[in-house]
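This is what each chain is made of:
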2 protein chains.
Amino acid sequence: MNTYCIIMAGGVGTRFWPKSRQSRPKQFLDILGTGKSFIRHTFERFSRIIAAENFIVVTNRRYRELVLEHLPELTPEQILCEPVGRNTAPCIAYAAGTLLRRDPDAAMIVTPSDHIILDEEEFCGIIGECLDFVAGNNALMTVGIKPSRPETGYGYIQVSDQSRISKVKSFTEKPGLELAQTFVQCGEFFWNSGIFIWKVRDIADAFAKYLPEIHSLFSGIASAFGTEREQDAVERVFSECHPISIDYGVMEKADNVYVRCGDFGWSDVGTWGSVYTLSRKDRYANARPASGCYLYDSRNCIVSLPDDKIAVIKGLKDYIVVDTDDVLMICPRSDEQNIRKYIDEVKYNDGEQHI
Amino acid sequence: MNTYCIIMAGGVGTRFWPKSRQSRPKQFLDILGTGKSFIRHTFERFSRIIAAENFIVVTNRRYRELVLEHLPELTPEQILCEPVGRNTAPCIAYAAGTLLRRDPDAAMIVTPSDHIILDEEEFCGIIGECLDFVAGNNALMTVGIKPSRPETGYGYIQVSDQSRISKVKSFTEKPGLELAQTFVQCGEFFWNSGIFIWKVRDIADAFAKYLPEIHSLFSGIASAFGTEREQDAVERVFSECHPISIDYGVMEKADNVYVRCGDFGWSDVGTWGSVYTLSRKDRYANARPASGCYLYDSRNCIVSLPDDKIAVIKGLKDYIVVDTDDVLMICPRSDEQNIRKYIDEVKYNDGEQHI
């Protein structure tokens, strides 16, 4: 049985605006200053266990060249282009449809492109266990993460028992704080990493059963995959798909869903706050570029600058300062949930130019 | 009698760093957003009464091309280049020496290049009166400004009486606050504008008497003026000159010093604070670019951005935010006197690159 890794890289996230832009979203950035983009890290992480020719990246077509630039090991045929984003279910249906034609006995890993994992060895061991499990079972597997705090921005997975690989009892999307606290305390709940492992046949069966509309749309164009007609067919199908997540559309409904929980230093790096948490801080708890950032009487700030730019900052406490070539943002860290609002106002006044 | 206007434009001021730079100091900037640089405003102001061919600009040689760019009406021969800055006395000695050879009966106005004057008509009337006065008298004239506040950063001129043109009783450089308050209250003291009017013969006589060393250095190279030898000669002479201001070297010592005081909306625009005062403010008292500057919960700030850059700023009160292509500065308005300190630290770490 061959194993393939599907990297979902179609996001146009705005939470890191102005550093992330429509033209260069988060997965192509190195927000943590590691020297590599998120998508590059994702590729290298799975390259420990998957051969380069067995990767498939699904992305928006406007990012096709960017993907090839960040992952020069891939050939253009390994990039599947979505004309528009329709959440994860259509994305996975497209990848599964492609794979089903190419290698119907394959196992398939599905992963976001913009998360970090610190303990890659532990992580790859867990993925290996999941692959072993789905090889012998008709199982839709997901990877759970031991929660370290009552995060209200994540989905939670409840396990049925404490075995290494457990049947999933329930999914809960973004609980309130009180519920999240209960979840963390009781020990039965884990964060949903958005990483899935299954045989391509099994997920195809699940689509047929739980998302028959999407299933029939993609089955209907299967003969176009790998031909000149593919882009036109995909364009038509995506325009007819409703946006729906794989969690909501399949995982929450299916009765063969299993989870392997682990603790491997995962973060979705979803906010400037999480970047701050993950970054090295100076002795005044500022996360900032290693050079060229002169801070006076400033604490608990996160500063991001273009290469070769310097900053002199005085008297800021708990601030986010993000400077890019054409946008400067200065706002309190407590205010990061309003970035969306700022973007809307800028867009309203200036159009898409700075978005 | 012909009248010449000498514009002193050699300053390398750092108070507007990072907007002012060694490569483009304040006189070449449009810090107030008027559409014209300070030196351009200065030239146009005196052009009301002086023909273009009667201007002489004294500047550092590195700014020669910048001067010609800002004042295309001038010919290269009208730019005198200092190899190094030696304060105003050597600068004026050089200009006076040049003029003495060309037109020994001339009257001469000396002006800084980086001040603003709002009521140019009133101002030119005053300059006219001064020119009339020096035509008939061996007088070294300066222009005083009615003080509007007990400014401790300026020099003060004490008048002998309340006539329109009064003999100067005393000069006081940068008094303490208490003294400045007394000065403003008593009505005998005026700000020193740094603008001078005299006949070229009279200032030459004053140099001979009060600064004989400088006088003899420049007299000694007078035959080189206007020849190929000029630059070499000037280089040698400037390297031998001590830096000294015309106020300290001549005006405070001479007994034929007169002042014409007036009120014509003068500012030396010496600090971000004065830029703030002079700028149009929005309803939250922020001085900021007309477009592309999104301020939330921010008051009494001054924001300067490169063209076409936008900024989103939240929660700053009484701040200076100056963004340029390669330097970002964010500091409280009360902190502007420390800009010099920041520059020193940046210089120490990064060299001259960002200065």
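Cut-offs used in this document
Residues numbered from 1 in each chain as written. Chains lettered and ligands numbered in written order. Predicted model: local features only at pLDDT ≥ 70, side-chain atom pairs only at ≥ 80, totals over all residues. Heavy atoms only, no water. Helix = DSSP H or I, 4+ residues; strand = E, 2+ residues; numbered from the N terminus. Rg over C-alpha atoms; globule rule 2.2 N^0.38 Å. Buried < 20%, exposed > 50% of the residue type's maximum accessible area, 1.4 Å probe, protein only. Contact = heavy atoms within 4.5 Å. Areas by Shrake-Rupley, 256 points an atom, 1.4 Å probe, with all protein chains shown as cover. Lys, Arg positive; Asp, Glu negative; His and termini not counted. Charge placed at Lys NZ, Arg CZ, Asp CG, Glu CD. Pairing = 2+ DSSP bridges. Axes fitted to C-alpha atoms, helices over the stretch in contact; angles between N-to-C directions. Least-squares fit on C-alpha atoms with pLDDT ≥ 70 in both. 1 Å grid on protein atoms, 1.4 Å probe; cavity = no way out; pocket = protein on both sides within 12 Å on 5 of 7 lines; lining within 4 Å. Points joined across faces, edges and corners; volume = space filled by probe spheres on them. Nonpolar A, V, L, I, M, F, W, Y, C, P; charged D, E, K, R; others polar. Arc of directions from axis to C-beta. pLDDT = per-residue confidence, 0-100.

Caption draft 1: Region of the structure containing the overall build of chain A. Counting its regular elements, chain A contains eleven helices and 16 strands. The globule rule puts the C-alpha radius of gyration for 355 residues at 20 Å, and the 21 Å found for chain A is close to it. For chain A, the C-alpha atoms occupy an extent of roughly 60 × 50 × 35 Å along the three principal directions. Here chain A, with 355 residues, has 57% of them falling under the buried criterion. By sequence separation, contacts in chain A at least 24 residues apart represent 66% of the contacts at least 6 residues apart. Summed over all atoms, the accessible surface of chain A reaches about 15100 Å², with 46% contributed by carbon and sulfur. Across chain A, 40 positive and 49 negative side-chain charges occur, with their mean positions spaced 3 Å apart.

Caption draft 2: Local environment of the sheet that holds strand 16 (residues 327-332) of chain B. Taken together, the five strands give an open sheet; going across it, the order is 12(A)-14(A)-16(B)-15(B)-13(B), and neighbouring strands pair in mixed fashion. Looking at the sheet topology across the chains shown, the edges are occupied by strand 12 (293-296) of chain A together with strand 13 (302-304) of chain B. Going from strand to strand, the sheet's axes swing by 5° on average, the running direction of each strand aside. Each of strand 12 and strand 14 (310-314) of chain A together with strand 16 of chain B is contacted by helix 11 (residues 339-350) of chain B, which is oriented at about 140° to strand 12 of chain A, the strand it contacts most.

Caption draft 3: Fine view of the relation of the copies chain A and chain B. With an axial shift of 0.0 Å and an RMSD of 0.1 Å, the rotation relating chain A to chain B amounts to 179°. Taken together, the turn and the small shift mark the pair as related by a two-fold rotation axis. When C-alpha distances to the rotation axis are compared across chain A, the minimum falls at Asp325 of chain A, with a value of 3.8 Å. Both copies contact each other with a shared surface, as 100% of the interface residues of chain A are interface residues in chain B too.

Caption draft 4: Geometry of the pairing of strand 9 (residues 189-199) of chain B. Residues and elements named next belong to chain B. Most of strand 9 is tucked away, with eleven of its eleven residues classed as buried. Judged from the four bridges that link them, strand 4 (residues 107-112) and strand 9 form a sheet pairing that is antiparallel. Of the residues in strand 9, the one forming a bridge with Ile109 is Ile197. Relative to strand 9, strand 6 (residues 140-145) runs antiparallel, the two sharing four bridges. Counted as the bridge partner of Ile145 is Trp191 from strand 9.

Caption draft 5: Spotlight on empty space enclosed by the protein. The tally for this structure, following the rule as stated, stands at two cavities of 30 Å³ or more. Roughly 40 Å³ of volume is contained in the largest cavity. Lining the largest cavity, in full, are Gly155, Tyr156, Ile157, Phe171, Thr172, Glu173, Asn192, Asp247 and Glu252 of chain A. When contributions to the lining of the largest cavity are tallied by element, the ones reaching two or more residues are strand 7 (155-159) and strand 8 (165-173) of chain A. Considering only enclosed or pocket space, the second largest cavity measures out at about 30 Å³ in volume. Considering the residues around the second largest cavity, the lining is formed by Val12, Gly13, Thr14, Trp17, Ser20, Arg21, Gln22 and Ile355 of chain B. Residue composition of the lining of the second largest cavity, by class: three nonpolar, four polar and one charged.

Caption draft 6: Representation of unusual backbone geometry. The linkage connecting Trp17 of chain A with the following residue, Pro18 of chain A, adopts the cis geometry, with an omega of 5°. With respect to the helices and strands, the residue Pro18 of chain A is situated in the loop between strand 1 (3-8) and helix 1 (38-47). You will see that Ala285 of chain B, though not glycine, has its phi angle at about 65°, which is positive. The topology assignment puts Ala285 of chain B in the loop between helix 10 (272-278) and strand 12 (293-296).

Caption draft 7: Representation of the side chain of Thr42 of chain A within the structure. Residue and element names in this part refer to chain A. Looking at the element boundaries, Thr42 is found in helix 1. Residue class for Thr42 comes out buried when judged on its relative accessible area of 0%. For Thr42, the contacting residues outside a window of four places in its chain are Ile7, Thr111, Pro112, Ser113, Asp114 and His115.

Caption draft 8: Representation of the sheet that holds strand 15 (residues 319-323) of chain A within the structure. Taken together, five strands build an open sheet; the order of strands is 13(A)-15(A)-16(A)-14(B)-12(B) and the sheet is mixed. Each of the sheet's edge strands pairs with one partner strand only, and the pair in question is strand 13 (302-304) of chain A together with strand 12 of chain B. Recorded for the sheet is a direction-independent mean angle of 5° between the axes of neighbouring strands. Sheet topology places strand 12 of chain B next to strand 14 (residues 310-314) of chain B; four bridges connect them, and they run parallel. By the bridge assignment, Leu295 of chain B is partnered in strand 14 of chain B with Ile313 of chain B. Along the sheet, helix 11 (residues 339-350) of chain A makes contact with strand 16 (327-332) of chain A together with strand 12 and strand 14 of chain B, crossing strand 12 of chain B at roughly 140°.

Caption draft 9: Focus on helix 7 (residues 212-220) of chain A. All names here are of chain A. Of all the positions in helix 7, only Ile214, Leu217 and Phe218 are classed as buried. Buried positions in helix 7, seen along its axis, are confined to an arc of 90° and lie on one side of it. Where helix 7 is buried, its residues meet helix 3 (88-102), helix 6 (200-210) and helix 8 (230-240).

Caption draft 10: Fine view of the confidence of the model for chain A. Mean pLDDT over chain A: 95, with 100% of residues reaching 70 or higher. Quick note on the complex model: pTM equals 0.87, ipTM equals 0.86.

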